[in-house]
Amino acid sequence: MKQIFFALLLFCQTLSAVEVEGLYETEVLADSRSVADRNQAIRHALQIVLNRVVIAHDQNTPLIKTALEAAPLYVREFQFSLGTDNAAKNRQNRLLRVRFDDNMLETLFKNGGVGLWNEIRPETLLWLVVEKQGQRRFYQANNMPEVEFALSRAARLTGLPLIFPLLDMEEQRFITPNDVLSADPKLLLDVSSRYDVVSILTGRLYQSGQCWQGEWALYFNQKIHQWGQDNCQTLENAALAGLQHVYNVLSNYYGIKQAKERR
């Protein structure tokens, strides 16, 4: 009976899982095309990659520092973009796409006992409320391009697959932005049941002058994780700070902790 229960639990947890592509590649901006600046940019690129494949508990281990110092050794291929627009030519010429050797890195971390989160990841349902000038509105990509850009960038940097509520007429009859942000999650969880996900994220991004701040709550594994940022940030950084915490929670749960190889 216990085996059946755990099999069903595993099945439910993978219903909303998808394959996240490109975890070991990213783009960064180099100061110039010199070898020194290129290698510095490659180290930055590897930091981005490690932030979305190494479980949160292991991101400060000595092996991570060692890998970053030797980042160019793990590059499978790199290429600078060729700018065609004169106004953006200088920046485009310094935009570096880097693809790392996933086999080399995975072997390194497996032997060193560093936990990794693979490319099969559960989708997270995001109920986002955007507040400007005291007015709260549900996030809708078509009407909020700057927020859409910030969220897409944050999801890409963290490797988190997100889905969003339909916000159709029926749904909006039952739930409002204030309901999403309420301390009582019952209505939110009831409405969210139609999406068949294992993790639900609520967020409020609000603007004060030129600053953006965020408040977040993650409903996962029968627990509620709450956090916020009260310092002045750009919209992109506020969105990234929210999703990075989600990555930390989920990677520690789903990631595979390696047993350090004995020599």
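Before reading on, note that the structure itself is shown above.
Residues numbered from 1 in each chain as written. Predicted model: local features only at pLDDT ≥ 70, side-chain atom pairs only at ≥ 80, totals over all residues. Heavy atoms only, no water.

A. Structural view of the nonpolar core. One finds Phe100, Phe109, Leu128 and Val147 to be the most contacted residues of the largest nonpolar core, which totals 59 residues. Among the elements that line this core, the one with the most residues is helix 10 (residues 235-254), at nine residues. (Core = buried A, V, L, I, M, F, W, Y, C linked by side-chain atoms within 4.5 Å. Buried < 20%, exposed > 50% of the residue type's maximum accessible area, 1.4 Å probe, protein only. Helix = DSSP H or I, 4+ residues; strand = E, 2+ residues; numbered from the N terminus.)

B. The arrangement of the layout of surface pockets in detail. Space inside the largest pocket adds up to approximately 570 Å³. Residue lining of the largest pocket: 25 residues in total, with Thr26, Glu27, Ile48, Arg156 and Leu157 positioned closest to the centre. For the lining of the largest pocket, the secondary-structure elements that each account for two or more residues are strand 2 (25-29), helix 2 (35-53), strand 4 (95-100), helix 6 (145-158) and helix 10. The residue makeup of the lining of the largest pocket, split by class, is nine nonpolar, eight polar and eight charged. (1 Å grid on protein atoms, 1.4 Å probe; cavity = no way out; pocket = protein on both sides within 12 Å on 5 of 7 lines; lining within 4 Å. Points joined across faces, edges and corners; volume = space filled by probe spheres on them. Nonpolar A, V, L, I, M, F, W, Y, C, P; charged D, E, K, R; others polar.)

C. Molecular detail of the pattern of salt bridges. Going through the model one piece at a time under the given rule, you end up with 13 salt bridges. The residue Arg76 makes a salt bridge to Asp101 at a minimum N-O spacing of 3.4 Å. Taken together, the positions of Arg76 in strand 3 (residues 75-80) and Asp101 in the loop between strand 4 and helix 5 (102-112) put the pair 25 residues apart, joining distant regions of the chain. The partly exposed category is assigned to Arg76, whose relative accessible area is 36%. (Salt bridge = Lys/Arg side-chain N within 4 Å of Asp/Glu carboxyl O.)

D. The state of the cysteines, seen in detail. For the structure on display, the rule yields one disulfide. What pairs with Cys211 in a disulfide is Cys232, and their sulfur atoms sit 1.9 Å apart. Across the S-S bond linking Cys211 and Cys232, the dihedral sits near -85°, which makes this disulfide left-handed. Of this pair, Cys211 sits in strand 10 (residues 211-220) while Cys232 sits in strand 11 (residues 223-233), and the two are 21 residues apart along the sequence. (Disulfide = S-S within 2.5 Å.)

E. Geometry of a negative patch on the surface. A cluster of acidic residues, Glu19, Glu21, Glu106 and Glu119, forms a negative patch on the protein surface. Take Glu19: it is sitting in strand 1 (residues 17-19). (Patch = residues over 30% accessible without salt bridge, like charges linked within 9 Å, V, L, I, M, F, W, Y side chains within 5 Å. Areas by Shrake-Rupley, 256 points an atom, 1.4 Å probe, with all protein chains shown as cover. Lys, Arg positive; Asp, Glu negative; His and termini not counted. Charge placed at Lys NZ, Arg CZ, Asp CG, Glu CD.)

F. Representation of the pairing of strand 7 (residues 135-138) in the model. Pairing of strand 6 (residues 124-132) with strand 7 involves four bridges; the strand directions are antiparallel. For Val129, the partnering residue across the bridge sits in strand 7 and is Phe138. Taken together, strand 6 and the strand that follows it, strand 7, pair antiparallel across an intervening segment of two residues, in which Gln133 is found at a positive phi of about 50°. (Pairing = 2+ DSSP bridges.)

G. Looking closely at the packing of aromatic side chains. Applying the stated criterion across every chain yields a total of seven aromatic pairs. Chaining the aromatic ring pairs together yields one cluster made of Trp117, Phe220, Tyr247, Tyr253 and Tyr254. Cation over ring: Arg121 sits above Trp117, and NZ or CZ is 4.1 Å from the ring centre. Over the face of the ring belonging to Tyr206 we find Arg204, whose NZ or CZ atom lies 4.0 Å from the ring centre. (Phe/Tyr/Trp six-rings, centres within 6.5 Å; stacked < 30°, edge-to-face > 60°. Lys NZ or Arg CZ within 6 Å of the ring centre and 35° of its normal.)

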